[in-house]
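Structural features, examined
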Amino acid sequence: MADFYYLPGSSPCRSVIMTAKAVGVELNKKLLNLRAGEHLKPEFLKINPQHTIPTLVDNGFALWESRAIQVYLVEKYGKTDSLYPKCPKKRAVINQRLYFDMGTLYQSFANYYYPQVFAKAPADPEAFKKIESAFEFLNTFLEGQEYAAGDSLTVADIALVASVSTFEVAGFEISKYANVNKWYENAKKVTPGWEENWAGCLEFKKFFE
Ligand SMILES: N[C@@H](CCC(=O)N[C@@H](CS)C(=O)NCC(=O)O)C(=O)O
């Protein structure tokens, strides 16, 4: 069983948990208390010098970056390639969505909410505009399609579900974006591990209270 260093509230950790569930991989979950600095201890730095969670250690093979872990789990353990199809074009669109999720959508969350939550800084309206434009992009990507990268569930949906649910608990109004809203309501029903994701979101929500 692979060791999995995580926190339940962390969005990238939740996307790995949902992906593991989707491919039927059991994780040996190891809570890593960031507030106590456990990620900076020499024993963890030996595993992941970048000291981020999620970190997976599969039979001695250490990997971090949630979307890379998602792809690894599907390629190594998926019974089919449906979550990350081998077709170059399908895969390219999934990769685009994953990079969008990491570099644009989730980044807009971090830029706007993290300073408020972790440094009690005032809200930055310019950073909020970036969230709105990210949601507008996602809304456009989802025009006329049921899933993030085509007509079936992939790792792109799972990564985006983790991010969008984090926006939901932060109080961001998703319903303004009709295609995103429709996709998200369906994704809640069909994404394996959604319940655990939501439980983690509620943990994260405590930072906003
Ligand atoms: N892009 C990374 C982000 C990972 C990340 O920043 N994780 C946070 C927790 S949500 C963390 O480990 N922070 C501690 C640190 O960077 O030292 C991923 O998707 O895995």
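These remarks concern the structure in this document.

Conventions used here
- Residues numbered from 1 in each chain as written.
- Predicted model: local features only at pLDDT ≥ 70, side-chain atom pairs only at ≥ 80, totals over all residues.
- Heavy atoms only, no water.
- Pairing = 2+ DSSP bridges.
- Helix = DSSP H or I, 4+ residues; strand = E, 2+ residues; numbered from the N terminus.
- Axes fitted to C-alpha atoms, helices over the stretch in contact; angles between N-to-C directions.
- Salt bridge = Lys/Arg side-chain N within 4 Å of Asp/Glu carboxyl O.

What follows covers the sheet that holds strand β1 (residues 2-6). As summarised here, the arrangement of the four strands in space is β2-β1-β3-β4, forming an open sheet in which the pairing is mixed. Edge positions in the sheet fall to β2 (27-31) and β4 (61-64), since each of these pairs with one other strand and no more. Averaged over neighbouring strand pairs, the angle between their axes works out to 20 degrees when direction is ignored.

With that out of the way, let us pick up the pattern of salt bridges. Here the structure, examined in full by the defined rule, presents nine salt bridges. Note that D101 is salt-bridged to R67, the shortest N-O span being 2.9 Å. Of the two residues, D101 is situated in helix α4 (residues 88-119) and R67 in helix α3 (residues 66-77); the sequence distance between them amounts to 34 residues. Among the salt bridges present, the one from E185 reaches K188, with a minimum N-O distance of 3.1 Å. Here K188 and E185 lie together in helix α7 (residues 178-190), a separation of three residues that amounts to about one turn. The network of salt bridges with common partners includes E168, E185 and K188.

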